[in-house]
Amino acid sequence: MSPTLRARTAEILRRCYRYESPAVVLARAVRLLAAADGHLDAAGRIVTGNGRRT
């Protein structure tokens, strides 16, 4: 999957994460966001709506 990036997002990746793969940076960002939103437990497993981990 290759998402289309907005110009500002591409600029941030280019300037702030110059020596990292954009795909790796975006994957890390998605995991951090999912964890912050409570969709992942501490081990990185997805938490379903019924509280079960998958």
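Peer 1: Sorry if this is basic, but what is going on with the overall build of the chain here?
Peer 2: Looking only at helices and strands, the chain features two helices and zero strands. Its C-alpha atoms give the chain a radius of gyration of 14 Å, clearly above 10 Å, the size a compact globule of 54 residues would have. Overall size of the chain, expressed as C-alpha extent along the three principal axes, is 40 × 20 × 20 Å. Within the chain, the fraction of its 54 residues that count as buried is 9%. Working note: accessible area of the chain is about 4800 Å², and carbon and sulfur atoms make up 57% of it. With 10 positive and 4 negative side-chain charges, the chain shows a separation of 2 Å between the mean positions of the two kinds.

Peer 1: Help me out: how do you make sense of the side chain of Asp41 in this one?
Peer 2: With respect to the helices and strands, the residue Asp41 is situated in the segment after α2 (22-36). Overall, the relative accessible area of 10% leaves Asp41 in the buried class. Within the structure, the side chain of Asp41 is placed 2.9 Å from the backbone nitrogen of Ala43, a separation counted as a polar contact.

The rules behind these values
Residues numbered from 1 in each chain as written. Predicted model: local features only at pLDDT ≥ 70, side-chain atom pairs only at ≥ 80, totals over all residues. Heavy atoms only, no water. Helix = DSSP H or I, 4+ residues; strand = E, 2+ residues; numbered from the N terminus. Rg over C-alpha atoms; globule rule 2.2 N^0.38 Å. Buried < 20%, exposed > 50% of the residue type's maximum accessible area, 1.4 Å probe, protein only. Areas by Shrake-Rupley, 256 points an atom, 1.4 Å probe, with all protein chains shown as cover. Lys, Arg positive; Asp, Glu negative; His and termini not counted. Charge placed at Lys NZ, Arg CZ, Asp CG, Glu CD. Polar contact = N/O pair within 3.5 Å; in protein donor to acceptor, adjacent residues only side chain to side chain.

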